[in-house]
Amino acid sequence: MSDLFLFDLDDRYNEIDDIFSEFGAISCAKKDYEKRDGQVAMSKLVYESLNNNEIAVIEAGTGIGKSFAYLVPAFLYAEKTEERIVISTHTINLQNQLINKDILFIKEILNSNINPILVKGRRNYLCNLKLYNLQSELMFETNKELLDIDKWSKNTETGDIEELTFVPSDDIWDKVCSDKDFCLGRGCSFYKSCFVQRARKKIEESKILIVNHHILFSDIEMKSKNINFLPFYDKIIIDEAHNIEKSASSFFSYHFSKSGFYKFFSFYKSKSGLGLIPRLLYKMSKDIVLSDVYSFIDDKVISVFNEMFSNSFNVFDKIRGYLHFILNSVEYYDVNKGIQYRVKYDEWYSEEFNENFIKPLFELTNNIKEFLKIFGTMISMFNERVEGIDNEIKKKYEMDLKLLKGYYNKLKSYYENIIFLLQVNPDDYVIWFDIFSKKEDPLFTFNVAPIKIDLLLKEKVFDVFSSVIMTSATITVNNKFDYFFNMTGLSYVLKEGRNIIYDSFESPFNYKDQVLFVCPDDIPDVENSEEYNEKLNDFLKKTILSVGGSTFVLFTSYEQLKKSYNEVGPFLFDNGLKSYYQGGLNNQKMLELFKDDISSSLFGTDSFWEGVDAPGDTLRYVVLAKLPFRMPTNPIEEARVEYYKRKGLNPFMELSLPQAVIRFKQGFGRLIRTKNDYGVVALLDRRILYKSYSSVFINSIPKCTYFVGSCDEVANEISKYIKNKESMKK
Ligand code: SF4
């Protein structure tokens, strides 16, 4: 732990010991409460960081009760100073737990008058101005969803999508939801009754805001451009901080696609002749005083728009030619899965790429720029004309003018987005296509994402906010913070001499007693896929049956999951055990079914390695099919590996291994959620037994009971362990 300068710690800080003590406020309100020293220490650390304007990185092992450990000091500090604190999470599960459970509890025991608010992204709210734009269309509208939204809009108090009794399709909700590029803020005629503004008012009154990482980054980015979504705050607590790199990288990514282009411009004028411009023309056709504006739109605006559209066909034809060239160069193309194709440095600057992608897309942006210009001129002309005539006409078109301004802003931001994409430096950004659908006429999304986000985080977060507290159950690798510091840019912060508090609080659980960790030593190497799969499936059948279900089987690839499930699932079914696989049902639904039937099993990949809670008898056995190294073929991973090599670093040691260890810790952590849980974690990857890096994995998880032997011996040991534990329960 770094040197800690404690100063000015006050009475509120001193309350922490009492609150968490055996006879304190929490204990009085919670029957099964047990004091945990790690929780108290973490809570004090959080308060110190808030109070002393410091950055803190805190690893809190499972069972520490980290949400209470940061909520208590957050409440105390916000009450004392009236400063606002933003708490950010990665998953909705954690947000729900905080807002529906933990916060209510802490607020009550502290008798606090602070009302924490869950902040939702503005896209969750209905935009009255957009809905107004659709009014004339709604008369002839047959889409039930849109009609239902319109009906609901007349009664709703919040305009929150969550109130709807159905989930509207993205395309429909896009038409009516608030979005930042379009929003006119105070300039909007609906400003006073705006749902987003109403929500913001509540947000402004609150001293503790709960957000997700995406909203946090979005707000930080807007603030750097002097636009405010959230009110002023200077202190952030980031939970599930091991995901911060992923969230930031996804937030600072840019995308362009053909389907996105046509969808975007269909708002202005669709193929069938509907949209903003035709609607406006129709309305103006009856007002002679606006005939010059009408002619300008009919003549100039529409012709520039049409030119952009007809040019777009040539542009996308050229791009299609290039996509064919790409597809002909790959060995195998699966229409259903598509491919990711990375554009490397040399290709990015090659003549072919320039001729077939950059240049045509630049031509398209020139067309968009022309349209933007003429659209802007049209708005000014329209505005001037309306200003100069009688009040009735002015009133009639007031909203339309506002609407046009909103769509102008949206257009501008769309244009800037493409320009940014075309000018990125391949040394700093990874550039790739997602290509999918029919080979003859493939669809594509063109993407750019920052290769590293360390400097971005430093510049936009650590250099800006006075206290940033990051916590998670999985931060360290081999009990060291180096990977997290390097990944998040904290190493640069340290170099500049700013103090960073970091500490790790061990789980209070007795893992030696609660967990049997096993690894068969005769399972074939994972590369040896046929033999490996055969043995893996045999092992799964035997052991899941002996445990009686209650199993999570976690894979690193969906393909392997399906292969295994197709064989093991029917076998379990024949033996009276239900099983589910990711992709078969909606994840949430599947998890509920799994929890409802303690003898069922669940075969999952990515999303089940973390953030999934299944405490108690429902989960007794976790199988990790392989060590979770990320696929080196993923464009972002590939670019990062090259980046590390360029810098003279070892990408395996600096990147692949720590990432895999964090994931491994997450997967391992699914098993024990409470002090009464027990069970088995099986790793079906022999590399853990002989590779030089194996100790890094083993040192990174809590010490438990280990068993290594042949598949048969391991299966017997599992059966023995579970039987023994069950008999002790009786
Ligand atoms: S203020 Fe923005 S979000 Fe609200 S109604 Fe107007 S444009 Fe829509």
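Residues numbered from 1 in each chain as written. Predicted model: local features only at pLDDT ≥ 70, side-chain atom pairs only at ≥ 80, totals over all residues.

1. Considerations on the sheet that holds strand β2 (residues 85–89)
Test applied: Two strands qualify as a pair provided DSSP detects at least 2 bridges between them. Segments assigned H or I by DSSP are reported as helices when at least four residues long, segments assigned E as strands when at least two residues long, and all are numbered from the N terminus.
The strand order across the open sheet built from seven strands is β3-β4-β2-β5-β10-β1-β11, with neighbouring strands paired in parallel fashion. Strands with a single pairing partner mark the edges of an open sheet, and in this sheet they are β3 (117–118) and β11 (500–505). Relative to strand β5 (residues 235–238), β2 is paired through four bridges, and the arrangement is parallel. Of the residues in β5, the one forming a bridge with Ser88 is Ile238.

2. Concerning the site of the ligand
Put simply, the rule reads: Any residue whose C-beta atom, as set from the backbone, lies within 6 Å of a molecule or strand is reported as near that molecule or strand. Each residue is assigned to one of three groups, with Ala, Val, Leu, Ile, Met, Phe, Trp, Tyr, Cys and Pro labelled nonpolar, Asp, Glu, Lys and Arg labelled charged, and all others, Gly among them, labelled polar.
In the vicinity of the ligand lie 13 residues, with Cys127, Ser178, Cys183, Cys188 and Cys194 positioned nearest. Along the lines of polarity and charge, the residues of the shell around the ligand split into nine nonpolar, four polar and no charged.

3. Focus: helix α27 (residues 651–668)
How we decide: The span one expects for a helix is its residue count, reduced by one, times 1.5 Å. The burial criterion counts other C-beta atoms lying within 10 Å of a residue's C-beta, which is placed from the backbone; the residue is buried at 20 or more, exposed at 12 or fewer, and partly exposed between these limits.
Its 18 residues place the ends of α27 24 Å apart at the C-alpha level, agreeing with the 26 Å of an ideal helix rising 1.5 Å per residue. For α27, a buried count of 13 out of 18 residues is recorded, marking the element as mostly surrounded by other parts of the structure.

4. Structural notes on the domain arrangement of the protein chain
Size of an interface: often given as the accessible area lost when the parts come together. What counts is decided by this rule: All domain edges in this entry derive from an automatic or database-based domain assignment. Two residues qualify as being in contact provided that their C-beta atoms, derived from the backbone, are within 7 Å of each other.
Looking at the assigned domains, one finds that the protein chain contains domain 1 (11–116 + 453–505), domain 2 (254–450) and domain 3 (511–729). Taken together, the contact between domain 2 and domain 3 spans five residues of the former and four residues of the latter. Listing elements by their share of the side of domain 2 that touches domain 3, those giving two or more residues are β7 (339–342) and β8 (429–436). By residue class, the composition of the side of domain 2 that touches domain 3 is three nonpolar, one polar and one charged.

5. A few points about the confidence of the model for the protein chain
Our working definition: Confidence of the predictor at the level of single residues is given by pLDDT, which spans 0 to 100.
Summarising the model, the protein chain shows a mean pLDDT of 92, and 98% of its residues fall at 70 or more. Within the model, pLDDT remains below 50 along residues 1–6, and this stretch shows 10 contacts once partners closer than five positions in the same chain are excluded.

6. Some points on the sheet that holds strand β15 (residues 601–604)
How we decide: Between N-to-C directions, angles cover 0 to 180 degrees, with each direction set by a line fitted to C-alpha atoms, over the stretch in contact for helices.
Reading across from one edge, β14-β15-β13-β16-β17-β12-β18 is the order of the seven strands in this open sheet, with parallel pairing throughout. Taken across any chain shown, the strands that pair with only one partner, and hence form the sheet edges, are β14 (579–581) and β18 (705–709). Pairs of neighbouring strands in the sheet enclose a mean axial angle of 15 degrees, with direction left out of account. Relative to β15, strand β13 (residues 551–554) is paired through four bridges, and the arrangement is parallel. Opposite Val553, over in β15, you have Phe603 as the bridge partner. Helix-sheet contacts for helix α30 (residues 711–729) involve β12 (515–520), β17 (679–683) and β18, and the interaxial angle to β12 is about 165 degrees.

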